[in-house]
Amino acid sequence: MDDRMIAEEIASVQLEDSRSRQLQDVNPALKTKSEETPIMTSGDMVTEQRKGAGGDEMKAPAEVDVTDSRQCERGETPVEHHHLHLSSCNECLELENYTIESVKSASTENIPDLPDAYSSSVDSPASDQVSTQVKKINVVGKPPNILVYTGSDPDSTKFKQIQSVLKDCIDKDRYIIYPLQEKQALKDPWLDNLVLLVIASEEPISEEVQKKFLTYLSKGGKILGLSSLFRFGSIIVTAKDELKHKNKVIHFTKTDNTDIELNVLTSGKVFERDNENNFSNIQVLGYLDPPEKDLVIVRLPHGDCGGEALLIQVHLEASADSHMVQDEADFSSLKMSNSKRCEVLSEILTSLCLSCEPSEVPSLTPIYLLMAKETNRFSFLEWLRSLADADGIIKSPKVSLKLLTTPLPGVEVTPTLIPVVTTFPEFSSEYFSLHTYQQNLRTEKLGQIVFFVEVTPTTMSLFDGLMTNSPQGNGLIAIAARQTQGRGRGGNAWLSPVGCAMFTLLLSIKMDSKLGQRITFLQHLVALSVVEAVRTLPGYEAIDLRVKWPNDIYYSDIMKLGGVLVTSTLMDKTFHVLAGCGFNVANSNPTICINDVIMQYNKYNRTHLKPLSTDQLIARTVTVLEELMNTFQDKGANGVLPVYYKRWVHSGKQVRLWNEEGPFAYITGLDDSGFLQVRTESGNIVTVQPDGNSFDMLKNLIVTK
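Residues numbered from 1 in each chain as written. Predicted model: local features only at pLDDT ≥ 70, side-chain atom pairs only at ≥ 80, totals over all residues. Heavy atoms only, no water.

Draft legend 1. Representation of the overall build of the protein within the structure. Along the backbone of the protein there are 15 helices and 32 strands. Taking all 705 residues of the protein together, the buried fraction comes to 57%. If you take every contact in the protein between residues at least 6 apart in sequence, the share linking residues at least 24 apart comes to 69%. Entry remark: accessible area of the protein is about 29,400 Å², with carbon and sulfur atoms responsible for 47%. (Helix = DSSP H or I, 4+ residues; strand = E, 2+ residues; numbered from the N terminus. Buried < 20%, exposed > 50% of the residue type's maximum accessible area, 1.4 Å probe, protein only. Contact = heavy atoms within 4.5 Å. Areas by Shrake-Rupley, 256 points an atom, 1.4 Å probe, with all protein chains shown as cover.)

Structure below.
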């Protein structure tokens, strides 16, 4: 029910003639091309574009003030960095018990070639502002550049993979990630202008390039080796073909001396100590699970200026959907360790003096009133205006809404007062396609009127002032691209990145109706609707999405993809219901998403199913929900339970009740109220209510909250 949106600003300048002459004086072979060129970063940076002798385009960031203390370079204790909160798989799998904080999945970009030089002099109206922004994001006192050396990588596939992984972990607004090619590695300027060199080539490294890398280390540089042959000092790399691309358990030691155990893919190489040299300065951070206990993660210092290399011989950069994973069981176990993999990477990057703090929460945005059918707009606006005061405000204890006929630049949006733009010439958002939504919505009432907002605290509060006023609001839907204070069961928080489908429906259900008499079934219907929205698509019938009691959406019985939160108020014999739902459509990290499951299905079944979008699945979910609600109102629970049992994960499962030493029981189904029924070994039937209990899928344990 939450999502993430980060806006990117792009600045460009022209290279001055005077600066061109200076560059040509240094290297006559260089020719300056005075064109505006966008920089590939989310901070405000300025770029130069030049052409080298070989015709390659080059870009250079603007000159940066590097007078801050370089603690890491001198071997001093670095400024405290807060670890990116990814936590354990259990935290992501069990919304009832924990707070979930997800990580935005970064998209790959076309990154320009590494520049020959990293300084420029720019006099333009925007120059001071851009320079200030550069200094603001450069709090570690060094140019915010990360270089990735991938050897022979003609189509940049390896680079893009590493770039995406790094962006999942670091503060994306602080650093720029560039590829480093061999011919560029042999040139001097890059040595003093980066915070981290990543070596991710499995090819042999030439003696000349090796010397450059060691020179960089001797000046206090930091190197991260990812399954590469780079080594020095008293450590050697030994090939073990039997470990190539194998799913193995490793043990990693964090800086606080606690251990993390996780599944990763091995590279087919391990580290060994060179007995002929002193190896007392080698710090072992990771090793394979017994019996191998091979060294796979080590830290080595170099020189007297604080230089160090952290070398890794497992594929921490490879996710479970990598081409190297060929077995479904491996895919599942690697996905289960995915959040730990990201945690280990963040720990490693933080130890190398990078900031892995999450980016700032984006500013809140206004609501846009959208219509699946424009014929509904006039009557709904009349009703909406009837609820507002003389200032156009619909007041509510939680969130008040201010009606605006046109969007106003710079209009203030606060958590307690949010503008609703009711009229605008044309709606456009990179996070939501109204056309796609309209194409997939097939309802009479639900979802026909849309409150769309890019960033909001939570959609569950947007209808606070509309819930009990009139049946006109029945079926109204709020859709968010990102929520900053999303809500889960039991008051838990839920923060999600762009790529999650998040919405809240406003429903009115008569108490004396069949569904009104069994109102607790509604959360089951919403969860089932998400699963059916995917599995009723032609070709997607075998995509293994399921429901878990009482309100979760799962990949098989392995990992959680989403959840449901339903609250209701009874007034005048009518339940006024807020049905909130959030499920991961397109974010592979920190756990799994629907498109991951689709991609794996394609891989193992040689199909070509297309990835799905959030707007498409929200519309389909609402369509299925209306059908299920109508069926329930007509036939009662027996009308929907057959398909519910077909899709749930619990049939015949043995569980323990109350604690790990409690009695065994077998799940039998749902009772008339939608509560879980289990049969104990003594034959007694026990009813388990959702509000007082939680189902731990990992332990097959039903526990009292």
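Draft legend 2. Layout of the state of the cysteines. For the structure shown, the criterion picks out zero disulfides. Of the cysteine sulfurs around Cys356, a residue in no disulfide, the closest is that of Cys169, at 6.2 Å. Accessibility expressed as a relative area gives 0% for Cys356, which makes it buried. (Disulfide = S-S within 2.5 Å.)

Draft legend 3. Fine view of the pairing of strand E28 (residues 664-670). In terms of strand pairing, strand E27 (residues 654-658) meets E28 through three bridges, oriented antiparallel. Across the sheet, the residue bridging to Val655 is Ala665, located in E28. Where E28 meets strand E29 (residues 676-680), five bridges bridge the pair, whose relative direction is antiparallel. Counterpart to Leu670 in the pairing with E29 is Leu676. Here E28 folds back onto E29 in antiparallel fashion, the turn holding five residues, of which Gly674 has a positive phi close to 90°. (Pairing = 2+ DSSP bridges.)

Draft legend 4. Representation of the environment of Gln163 in the model. With respect to the element layout, Gln163 can be found in helix H4 (residues 157-169). Residue Gln163 is classed as buried on the basis of its relative accessible area, which comes to 0%.

Draft legend 5. A look at the side chain of Thr458. Checked against the element boundaries, Thr458 lands in the loop between strand E18 (449-456) and strand E19 (477-483). Taking the relative accessible area as the measure of exposure, Thr458 reaches 7% and is therefore buried. Within the structure, the side chain of Thr458 is placed 3.1 Å from the backbone nitrogen of Met460, a separation counted as a polar contact. (Polar contact = N/O pair within 3.5 Å; in protein donor to acceptor, adjacent residues only side chain to side chain.)

Draft legend 6. Seen up close, the packing of aromatic side chains. Tallying each qualifying case throughout the model produces 17 aromatic pairs. With a centroid separation of 6.0 Å and an interplanar angle of 75°, the aromatic rings of Phe213 and Phe230 are classed as edge-to-face. Taken together, the residues span a long stretch of sequence, with Phe213 in helix H6 (residues 207-218) and Phe230 in the loop between strand E8 (222-226) and strand E9 (235-253) at a distance of 17 residues. Each member of the pair Phe213 and Phe230 is classed as buried. Positioned over the ring face of Phe424 is Arg377, at 5.9 Å from the centre of the ring. (Phe/Tyr/Trp six-rings, centres within 6.5 Å; stacked < 30°, edge-to-face > 60°. Lys NZ or Arg CZ within 6 Å of the ring centre and 35° of its normal.)

Interpretation note: all reported values are geometric properties and have no functional meaning in isolation.
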